[in-house]
Every structure is written in C-alpha cells, then in structure tokens.
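What the coordinates show
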Amino acid sequence: MSENKLVLRPLIGLMNGLEPKEIERFVVEEIEKHRRLRDEAIRLEAMQDSKAAGDAKSEASRAYVSAMIAVHAQQTVVSTLLDILGYIPGVPTKKPH
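Residues numbered from 1 in each chain as written. Predicted model: local features only at pLDDT ≥ 70, side-chain atom pairs only at ≥ 80, totals over all residues. Heavy atoms only, no water.

**With respect to the nonpolar core**
- Formed by Leu11, Met15, Ile23, Val27, Val28, Ile31, Val77, Val78, Leu81, Leu82, Leu85 and Val91, the largest nonpolar core amounts to 12 residues.
- Sorting the residues of this core by element identifies α1 (9-15), α2 (20-50) and α3 (55-85) as the ones contributing at least two each.
- Top element by residues in this core is α3. It accounts for 5 residues.
- With sequence-adjacent residues up to four places away left out, valine 78 is seen in contact with Glu30, Ile31 and His34. (Core = buried A, V, L, I, M, F, W, Y, C linked by side-chain atoms within 4.5 Å. Buried < 20%, exposed > 50% of the residue type's maximum accessible area, 1.4 Å probe, protein only. Helix = DSSP H or I, 4+ residues; strand = E, 2+ residues; numbered from the N terminus. Contact = heavy atoms within 4.5 Å.)

**Details of α2**
- Taking 1.5 Å per residue, 31 residues should reach 45 Å; α2 reaches 45 Å between its end C-alpha atoms and fits that length.
- The complete set of buried residues in α2 reads Ile23, Glu24, Val27, Val28, Glu30, Ile31, His34, Ala41, Leu44 and Gln48.
- Turning to α2, the residues buried within the fold contact α1 and α3. (Expected span 1.5 Å × (residues − 1).)

**Here we look at the environment of threonine 76**
- Locating threonine 76 in the fold gives a position in helix α3.
- Taking relative accessible area as the criterion, threonine 76 reaches 16% and is therefore assigned buried.
- Spatially, the C-alpha atoms of threonine 76 and valine 7 are 7.0 Å apart, while their sequence positions differ by 69 residues.
- Beyond its immediate stretch of four places on either side in the chain, threonine 76 contacts Leu6 and Leu8.

In structure tokens form, the structure reads like this:
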C-alpha cells in the first residue's frame, strides 16, 4: 500500500484472517453501497441545480455536500478493502429500468 494513500487501518485488522472469498463479499457489498451513495449525490446535485436562490437552494446545497462527504468516505472504505483483497472482483451491475 502506498505511503501517501489514505488507508483505514481498522479495516486491515478486521479483515485479518478472513478467507479471500469472505473479503470479496465485503468488497462487493461496499462497492454497491458506494454506488447507491453516488446515485443519491447525483440526484441531490440535480435538485440543487433546479432550485432558485434562497433558503431552498441553500438547503439543497447542504444536502449535496453532505452526500458527497459520504461518497468520498465510502470511496476510502472501498479503496482500502480493494488493497487488502488485491484484485477487483466482479460486481453485478443494475439493469436500467
């Protein structure tokens, strides 16, 4: 792991001793969670863009920033787990409705 890269050390301890297939299941779940968070952030960004100036726009902007914080935090989780696993597992893609 790179010395300059943000790593969540507690995850290293939690995954210690687990079989690769078990770690892979965690990775896939966390990637799917990241995708849900990203989709919500995209939705909130669109809402923010559609609001007129004022309190509604300010509230929408705050919700978007909060969602992006969650997206970036989750990206750190996914990145750390991928480093632990050592490869990118196949992740099912959702079919568009």
